[in-house]
Amino acid sequence: MSQAALNPLDSMMSRFDEATKILGLDESTYNVLKYPQKSVMVHLPIMMDNGKVQVFEGYRVVHNGYLGPSKGGIRYSMDVNQDEVKALAAWMTWKCAVVGIPYGGGKGGIKCDPRSMSKGELERLTRAYTAAMFDVFGPDKDIPAPDMGTGQQEMAWLMDEYSKMKGFSSPAVVTGKPLVLGGSLGRVEATGRGVMVSTRSALAKLGINPIGATCAVQGFGNVGSISAKLIASQGLRIVAISDISGAYYNADGIDVDDAITYRDASNGTLDGYKKATKISNNDLLTLNVDVLVPAAMEDQITADNANNVKAKLIVEGANGPTSSNADAILNKKGIMVVPDILANAGGVTVSYFEWVQNRLGYFWTEERVNRRADRVMKQAFEGVYQASKKYGVSMRIAAYIVAIDKVASTMKLRGIY
Ligand code: GLU
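Quick notes on the rules
- Residues numbered from 1 in each chain as written.
- Predicted model: local features only at pLDDT ≥ 70, side-chain atom pairs only at ≥ 80, totals over all residues.
- Heavy atoms only, no water.
- Near = heavy atom within 4 Å.
- Polar contact = N/O pair within 3.5 Å; in protein donor to acceptor, adjacent residues only side chain to side chain.
- Areas by Shrake-Rupley, 256 points an atom, 1.4 Å probe, with all protein chains shown as cover.
- Helix = DSSP H or I, 4+ residues; strand = E, 2+ residues; numbered from the N terminus.
- Nonpolar A, V, L, I, M, F, W, Y, C, P; charged D, E, K, R; others polar.
- Patch = residues over 30% accessible without salt bridge, like charges linked within 9 Å, V, L, I, M, F, W, Y side chains within 5 Å.
- Salt bridge = Lys/Arg side-chain N within 4 Å of Asp/Glu carboxyl O.
- Buried < 20%, exposed > 50% of the residue type's maximum accessible area, 1.4 Å probe, protein only.
- Expected span 1.5 Å × (residues − 1).
- Bend = angle between axes of the 7 residues up to and from the residue.
- Core = buried A, V, L, I, M, F, W, Y, C linked by side-chain atoms within 4.5 Å.
- Contact = heavy atoms within 4.5 Å.
- Pairing = 2+ DSSP bridges.
- Axes fitted to C-alpha atoms, helices over the stretch in contact; angles between N-to-C directions.

Q: So what about the site of the ligand? Which residues, and what values?
A: Near the ligand lie 14 residues; those nearest to it are Lys71, Lys95, Pro146, Asp147 and Ser351. Here an oxygen atom of the ligand sits 3.0 Å away from a polar atom, N or O, in the side chain of Asn319. Starting from 290 Å² of accessible surface for the ligand in isolation, the protein chains cover 93%. Put simply, the parts of the chain that give the shell around the ligand at least two residues each are β3 (70-77), α3 (82-99), β5 (142-146) and α12 (346-360). For the shell around the ligand, a count of residues per class yields four nonpolar, five polar and five charged.

Next up, the structure:
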């Protein structure tokens, strides 16, 4: 992390503070919304393949449940820590409120390096985590999903472990499941699709023609690769992509499908990708492009490099890719930022549809899922855009205002002790 990067919790709080001041939120409500409602930390002893027991740290934070059961992914990464999970949980509260789905926010994580673990070790770890969080999770309480380092297989183990402990199949306890276990069509692509829809909405406001506009995408996991592919399908030229192995640039455009095929055939990384020139991660962030999509992780655009960003539009596929100390710099440069809690909300929106389908026991076509998700994303974008005009603030602060206002008024109606 760069010197100028902030702890994600500080970045979240500084936007929260700014928005609550503009809203004129009273002190009591401020204090309630500031803290997570529940924060659980567990130590998970796992028998590793070499016969030794390794103890892992696991977290689950429920930030807020006023709008409904808490919702949010589970992250497997060596960077996981309590403050990061708290920030990510709060972002889920604001995200669900921005798109108007009936959920609060939560997040979980295990400090581990999933790339260095065997399938058996990952399964034991996921089951142990689920058993430890059995009292936290529940279809009406707290509903996990995939995040960095997790995917359909982890969600399948989680669903199975929870169901065994309950004594019956409980698919609605987790979303992002494989289709055969009650997953939803369109869920895998949902976050990237929402990023694409947000990009289109923002380009229209900026008066930029998507055909031939250029775009750089940081991160080539589920969110980055699918965002790149769908943004390219709208006529934009993807000139740079990146992952842990480095960044790759081609002024004539990168064939995203070809890069995905390459990644899948090479242990999941772009390492050695020859159809583009290798550049640094910082070069990618400061390329002269129309659109920049940071879809990797937190604190990539900071006070250190924000001044050098040349994109006209930033669409945040990742959670927290911009430190709060970079916000003012980007605003001053007139760069429109579609914030994470709006731009990447397509994922949790289709998670909500998955949960609805599980509870109905009736499944929708992909076309219906996409149509409804696109509508949610377009309406949320327009609402935030109008709020940014009304209050004369950035899209980011407008998104916080919309979200905090909604959660605060719900809290007031429900009442407290
Ligand atoms: N992990 C994703 C996010 O950060 C999805 C959460 C969900 O679907 O519950 O939005």
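Q: An account of a nonpolar patch on the surface is needed here, citing residue identities and associated values.
A: Among the surface-exposed residues, Met47, Val53 and Val55 lie close enough to one another that they form a single nonpolar patch of about 280 Å² accessible area. Residue position: Val53 is located in strand β2 (residues 53-64). For Val53, a relative accessible area of 54% gives the class exposed.

Q: Can you lay out helix α6 (residues 187-206) for me, pointing to particular residues and giving the numbers?
A: Taking 1.5 Å as the rise per residue, α6 with 20 residues should run 28 Å; its terminal C-alpha atoms sit 29 Å apart, in good agreement. Its maximal kink placed at Arg193, α6 deviates by approximately 25°. Positive backbone phi, at 70°, marks Gly207, one or two positions downstream of α6.

Q: Hey, could you go over the nonpolar core for me, with residue numbers and the actual values?
A: Met12, Leu33, Trp94 and Val293 are the most contacted members of the largest nonpolar core, which totals 89 residues. With eleven residues, helix α14 (residues 395-414) is the largest single contributor of residues to this core. Ignoring sequence-local partners within four residues, the contact set of Val293 consists of Val195, Cys215, Ala216, Val217, Gln218, Ile231, Val315 and Gly317. Core analysis: the second largest hydrophobic core is formed by 24 residues, Val42, Phe56, Met159 and Val174 among them.

Q: How would you explain the sheet that holds strand β11 (residues 313-315) if you had to name every residue and give the values?
A: Taken in spatial order, the seven strands make up an open sheet running β9-β8-β7-β6-β10-β11-β12, and their pairing is mixed. This sheet does not close on itself; its edge strands, each paired only once, are β9 (277-279) and β12 (336-338). Direction aside, the axes of adjacent strands within the sheet are offset by 20° on average. Relative to strand β10 (residues 291-294), strand β6 (residues 214-218) runs parallel, the two being bridged by four bridges. In the sheet register, Cys215 faces β10, and the bridge partner there is Val291.

Q: Could you give an account of the pairing of β5, with specific residues and numbers?
A: The buried fraction of β5 amounts to four of the five residues, a majority that puts the element mostly inside the structure. Looking at chain direction, β3 and β5 are connected through five bridges and run parallel. Bridging from a neighbouring strand, Ile74 pairs with Pro146 of β5.

Q: Outline unusual backbone geometry, listing residues and values.
A: Of note, Asn267 is a non-glycine position whose phi angle comes to about 60°, a positive value. Turning to its location among the elements, Asn267 is positioned in the loop between α8 (256-265) and β9. Its relative accessible area of 74% is what places Asn267 among the exposed residues.

Q: Tell me about helix α10 (residues 324-332), and name the residues and values.
A: Of all the residues in α10, the buried ones are Ser324, Ala326, Asp327, Ile329 and Leu330. In this fold, the buried residues of α10 make contact with α1 (8-23), β11, β12 and α14. Taken from the residues just after α10, Gly334 is the one with a positive phi, measuring 75°.

Q: Go over the pattern of salt bridges, please, and point to the residues and values.
A: Enumeration over the complete set of coordinates arrives at 24 salt bridges. With its nearest N and O atoms 2.7 Å apart, the salt bridge here joins Arg15 to Asp327. Within this pair, whereas Arg15 is found in helix α1, its partner Asp327 is found in helix α10, the two being separated by 312 residues in sequence. Summarising the burial analysis for this pair, Arg15 and Asp327 share the class buried.

Q: Summarise the environment of Val239; cite the residues concerned and give the values.
A: The topology assignment puts Val239 in strand β7 (residues 237-243). Residues Val239 and Ala216, spaced 23 residues apart in sequence, show a C-alpha to C-alpha distance of 5.7 Å. Val239 has contacts with Thr214, Cys215, Tyr248, Tyr249, Asn250, Ala251, Ile254 and Val289, leaving out every residue within four places of it along the chain.

Q: Explain the sheet that holds strand β1 (residues 38-47) residue by residue, including any values.
A: Spatial strand order, β1-β2-β4-β3-β5: five strands in an open sheet with mixed pairing. Single-partner strands in this sheet number two, and they are β1 and β5. Neighbour to neighbour, the strand axes of the sheet diverge by 20° on average, direction disregarded. When β2 meets strand β4 (residues 104-111), the two strands line up antiparallel, connected through six bridges. Each bridged residue has a counterpart across the sheet, and for Val62 the counterpart in β4 is Gly106.

Function cannot be inferred from these measures alone, as they are strictly geometric.
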